[in-house]
Amino acid sequence: MKYGILDIARVVRSKNSGPFELVLDIMFKDHKIFETLRETKQINKELIAAAYRLTPEDIHNIVWFAPAHAVKVVMHRRIVSGAPGDSDVYGAQQHAPLLGLTFEL
Amino acid sequence: MKPAFKILSPTAILGYGFPEESFRRAIAEKPDLIAVDGGSSDPGPYYLGAGKAFTDRTGVKRDLRFMITEGVKHGIPVVIGTAGGSGAAPHLEWCRQIVLEIAAEANLSFKMAVIPTDVSKDVVHAALDAGKIEALEFVPPLTHEAIDATTNLVAQMGVEPFIAALKAGAQVVLGGRAYDPSCFAALPIMLGYDEGLALHCGKILECAAIAATPGSGSDCAMGILDETGFVLKTFSDERKFTPESAAAHTLYEKSDPYMLPGPGGVLNLRECKFEDIGNGQVRVTGSRHEHTPYKVKLEGSRPVGFRTVAIAGVRDPIMIKSIEEILQAVRQRVENNLGANADAKVFFHIYGKNGVMGDLEPVKQTQTHELGIVIEVVAPTQEAADTVCSLTRSTLLHYGYPGRVATAGNLALPFSPSDIRAGVVFEFSVYHLMDLPQEDLFPFHMQQVTPQGVTA
């Protein structure tokens, strides 16, 4: 059955990890959902790249963190935090494309 | 068996505040240390480069007054990391002046250690030549030119400089740029508590009650260390720690939540456990610190020009429909008229279209009925930025785009004057690891603070 990300996650956010790096965090509602998504590999570089209209090579890393039932996506900031032309110094509003994702559970 | 060691973190960033009631309840538990993180690189390169605090002076003084007054009264060390927001010499001095004012107003005398963390450019040039500088992920290689252009260049210190100051008997330690957990972990490590547990506890406490649920950056949190773990608790009835909230915080702003690198080591959380022990408290065990060759993270910003901005709104649906073509044409017309100001850069932030995400925005066709446009100009001088911003604003205001029916003007300008000088623009120029060139890179200065000022 298909679920929207808001049905299965309690936190979906973005933030700088240092001025050169952007991280996306998705924290799932419970460990079972976390395990299912980790095992079925539905969250992968291709999925994230498609949501942001990037190529999979632009997605640096995907890390699963069991204690927080969370998955973390690491990419580089296209404009370094606060440099001329930047639009989000903290990187805190770059998560919205994730909100449209759906998953099979 | 070591007694429990209680670390109070009153607020996520010095100046963000805390409820007095929470602080009083925390003090009633007789903490062994009051520590606070004073800064962050999150607010961007300006504050470090310009030597300005991003926190409000009144707020910082209010928070520090509670911490120092109670610390001195009960003999609890007060340790501040990354003073003044960015931890360079001007930030440290700004914060030191606030401490002296508090001592004068509250009639307090105490020993204070001040730890500057500015790194001489000669040291960094030499390290670069010796191959002892390493770029962090996604960061371009360091150059001598970037070092020379940098206004404030600091290194994140580890626990060692704080320990040296505390061993010398400091009641208050005012630290420059520090690895966030250092100010919390130094005293317990000095007293023989486990490094991994102390640093992980500090890692969580540096954001105070943000790691609780509901999270707050303006409320107290406490970490209670023992020989095999630490317990996290809050002092406000509306908030508690849960295993998820504490673990989630470990994830925050980090690229790999299992391996957190810091000065001289990596915090390994692969075996870490978060356990609910009731009453809104969580016990954490299994955090390990593994020593690595000692490197410090350097941070620096350099000026890249001056900024002038203008803010405007658009409500005309014909204009909104072809906003991209219109701005492209305006940009072209402005570029043709720059003359001596050819170095100026013009940016359009189009809120309602892609103002937040820029090129990363997947929604290409906006459905909005109004747009907000910020015209941003960065140029080598303030006058040039003013001139180009004025030219861009007036060109856009009167540009005759195809299909235009509203011939009186294209922009709703909310303010008069419409253009705002935003001053010097900085960018991060140094964000690299450097081999520690000498053990005592960050010596402290001990000062005897009295209500009349510093006497020695």
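Residues numbered from 1 in each chain as written. Chains lettered and ligands numbered in written order. Predicted model: local features only at pLDDT ≥ 70, side-chain atom pairs only at ≥ 80, totals over all residues. Heavy atoms only, no water.

Colleague: Explain the UniProt feature "domain: DUF4387" (unreviewed entry) in chain A to me, please; I cannot follow it from the model alone.
Modeller: UniProt annotation of "domain: DUF4387" (unreviewed entry) refers to residues 6–101 of chain A when read in the numbering used here. From the first C-alpha to the last, residues 6–101 of chain A spans 9 Å; its make-up is 21% helix and 31% strand. (UniProt positions renumbered as here; feature names shortened; annotations may be inferred. Helix = DSSP H or I, 4+ residues; strand = E, 2+ residues; numbered from the N terminus.)

Colleague: Is there a simple way to think about the sheet that holds strand E11 (residues 265–268) of chain B in this case?
Modeller: Neighbouring strands of a sheet are bound in pairs by backbone hydrogen bonds; such pairs are parallel or else antiparallel. All names here are of chain B. The strand order across the open sheet formed by 3 strands is E10-E11-E14, and the pairing between neighbours is antiparallel. With partners counted over all chains shown, the strands left at the sheet margins are strand E10 (259–262) and strand E14 (288–291), one partner each. Taking the axes of each pair of neighbouring strands and ignoring which way they run, one obtains an average angle of 25 degrees across the sheet. Bridging between E10 and E11 involves 4 bridges; their strand directions are antiparallel. Of the residues in E11, the one forming a bridge with Leu260 is Leu267. Each of E10, E11 and E14 is contacted by helix H9 (residues 195–205), which is oriented at about 110 degrees to E14, the strand it contacts most. (Pairing = 2+ DSSP bridges. Axes fitted to C-alpha atoms, helices over the stretch in contact; angles between N-to-C directions. Contact = heavy atoms within 4.5 Å.)

Colleague: I'm lost on the interface of chain A and chain B in this one. Help?
Modeller: If you look at the interface, chain A gives 44 residues, while chain B gives 41 residues. Where chain A abuts chain B, roughly 3500 Å² becomes buried across the two surfaces, and 66% of that area is made up of carbon and sulfur atoms. Applying the counting rule to chain A against chain B returns 1 salt bridge. Measuring nitrogen to oxygen at the nearest pair gives 2.5 Å for the salt bridge that ties B:Asp42 to A:Lys15. The interface formed by chain A and chain B contains 6 residue pairs in polar contact (both at pLDDT 80 or more). Mapped by element, the contributors of at least two residues to the side of chain A that touches chain B are strand E2 (9–16), strand E3 (21–28), strand E4 (59–65) and strand E5 (70–76) of chain A. The element contributing the most residues to the side of chain A that touches chain B is E5(A), with 5 residues. (Buried area = accessible area lost by both parts, 1.4 Å probe. Salt bridge = Lys/Arg side-chain N within 4 Å of Asp/Glu carboxyl O. Polar contact = N/O pair within 3.5 Å; in protein donor to acceptor, adjacent residues only side chain to side chain.)

Colleague: What is the right way to look at the pattern of salt bridges in this model?
Modeller: Side chains that differ in charge, positive against negative, can pair when their charged atoms come close. All names here are of chain B. Across all of its chains, the model carries 33 salt bridges over all chains by this definition. Among the ionic pairs, Asp63 bridges to Arg62, the shortest N-O distance being 3.1 Å. Given the relative accessible area of 0%, Asp63 is considered buried. Overall, the relative accessible area of 30% leaves Arg62 in the partly exposed class. Overlapping salt bridges, with partners in common, bring together Arg57, Lys61, Arg65, Glu101 and Glu105 in one network. (Buried < 20%, exposed > 50% of the residue type's maximum accessible area, 1.4 Å probe, protein only.)

Colleague: Looking at this structure, I do not really get the confidence of the model for chain B. What am I missing?
Modeller: Detailed reading of predicted coordinates is not advised where the pLDDT is low. Averaged over every residue, the pLDDT of chain B is 96; the share at 70 or more is 100%. The ipTM, which scores confidence in the relative placement of chains, is 0.94 for this predicted complex, and the corresponding pTM is 0.95. (pLDDT = per-residue confidence, 0-100.)

Colleague: For this particular structure, what's the right way to read the sheet that holds E2(A)?
Modeller: Residue and element names in this part refer to chain A. Spatial strand order, E2-E3-E5-E4: 4 strands in an open sheet with antiparallel pairing. Two strands bound the open sheet, and with one partner strand each, they are E2 and E4. Averaged over all pairs of adjacent strands, the angle between their axes in this sheet comes to 15 degrees, without regard to strand direction. Across 6 bridges, E4 lies against E5 in antiparallel orientation.

Colleague: How should the nonpolar core be read in this particular structure?
Modeller: Nonpolar side chains tend toward joint burial in soluble globular proteins. Residues and elements named next belong to chain B. The biggest cluster of nonpolar side chains holds 70 residues, and the ones touching the most others in it are Val124, Phe162, Phe241 and Leu298. The contacts of Val124, once residues within four sequence positions are left out, are Val119, Ile133, Leu142, Ile147, Leu153, Leu298 and Met434. Phe18, Ile98, Ala103 and Phe110 belong to the second largest nonpolar core, which has 36 residues in total. (Core = buried A, V, L, I, M, F, W, Y, C linked by side-chain atoms within 4.5 Å.)

Colleague: Quick question: what am I supposed to make of unusual backbone geometry here?
Modeller: All names here are of chain B. Residue Thr213 is joined to Pro214 through a cis peptide bond whose omega torsion reads -10 degrees. Take Pro214: it is sitting in the loop between H9 and strand E8 (221–225). Along the chain, Ser416 connects to Pro417 via a cis peptide bond; the corresponding omega equals 5 degrees. Mapping Pro417 onto the fold places it in the loop between helix H13 (382–398) and strand E18 (419–435). Despite not being glycine, Phe138 has its phi angle at roughly 70 degrees, a positive value. Within the chain, Ala208 stands out as a residue other than glycine whose phi angle is a positive 50 degrees. Here Ala208 lies in the loop between H9 and E8.

Colleague: I'm lost on the confidence of the model for chain A in this one. Help?
Modeller: In the predicted model, chain A carries a mean pLDDT of 95, and 100% of its residues have values of at least 70. Taken element by element, the predicted model of chain A shows its lowest mean pLDDT in E4(A) (94) and its highest in helix H1 (residues 5–8) of chain A (97).

Colleague: So what exactly am I meant to see when it comes to the environment of B:Pro417 here?
Modeller: Residue B:Pro417 is classed as exposed on the basis of its relative accessible area of 64%. Taking the C-alpha atoms as reference points, B:Pro417 and B:Ala310, separated by 107 residues in sequence, lie 9.1 Å from one another.

Colleague: Can you help me understand the domain arrangement of chain B in this one?
Modeller: Accessible area lost during the coming together of the parts is what is often quoted as the interface size. Residue and element names in this part refer to chain B. Each domain of chain B was delimited in the assignment, giving domain 1 (5–117 + 156–294 + 436–455) and domain 2 (303–429). The straight-line distance from the C-alpha centre of domain 1 to that of domain 2 is 42 Å. Between domain 1 and domain 2, the buried area comes to about 440 Å², and carbon and sulfur atoms account for 86% of it. Three residues, Pro45, Tyr46 and Gly49, lead the burial of domain 1 against domain 2; their summed loss comes to 73% of the area buried on that side. (Domains from an automatic or database assignment.)

Colleague: I'm lost on the side chain of B:Lys61 in this one. Help?
Modeller: Residue and element names in this part refer to chain B. Checked against the element boundaries, Lys61 lands in helix H3 (residues 57–74). Look at Lys61 and you get buried, because its relative accessible area is 14%. Separated by 2.9 Å, the side chains of Lys61 and Glu105 make a polar contact. Discounting chain neighbours no more than four positions away, the residues touching Lys61 are Ile98, Glu101, Ile102 and Glu105.

Colleague: For this particular structure, what's the right way to read the packing of helix H7 (residues 160–167) of chain B against helix H8 (residues 182–190) of chain B?
Modeller: Working note: a packed helix pair is described by the angle between its axes plus the distance between those axes. Residues and elements named next belong to chain B. The interhelical angle for the contact between H7 and H8, taken along N-to-C directions, is 55 degrees, at an axis separation of 8 Å. Considered as vectors, H7 and H8 are oriented oblique to each other. Between H7 and H8 lies a crossing whose hand is right-handed. Every residue of H8 that contacts H7 at Phe162, Ile163, Leu166 and Lys167 is listed here: Ser182, Cys183, Ala186, Leu187, Ile189 and Met190. Of the residues contributing to the contact of H7 with H8, the split by class is 8 nonpolar, 1 polar and 1 charged. (Parallel < 35°, antiparallel > 145°, perpendicular 65-115°, else oblique. Left-handed = near helix turned anticlockwise from the far one by under 90°. Nonpolar A, V, L, I, M, F, W, Y, C, P; charged D, E, K, R; others polar.)

Colleague: Would you take a moment to explain the environment of B:Phe5 for this structure?
Modeller: Residues and elements named next belong to chain B. Take Phe5: it is sitting in strand E1 (residues 5–9). A relative accessible area of 4% places Phe5 in the buried class. Between the C-alpha atom of Phe5 and that of Lys321, which follows or precedes it by 316 residues, the distance is 63 Å. Apart from the residues within four sequence positions on either side, Phe5 is in contact with Asp32, Leu33, Leu187, Pro188, Leu191, Tyr193, Gly223, Ile224 and Leu225.

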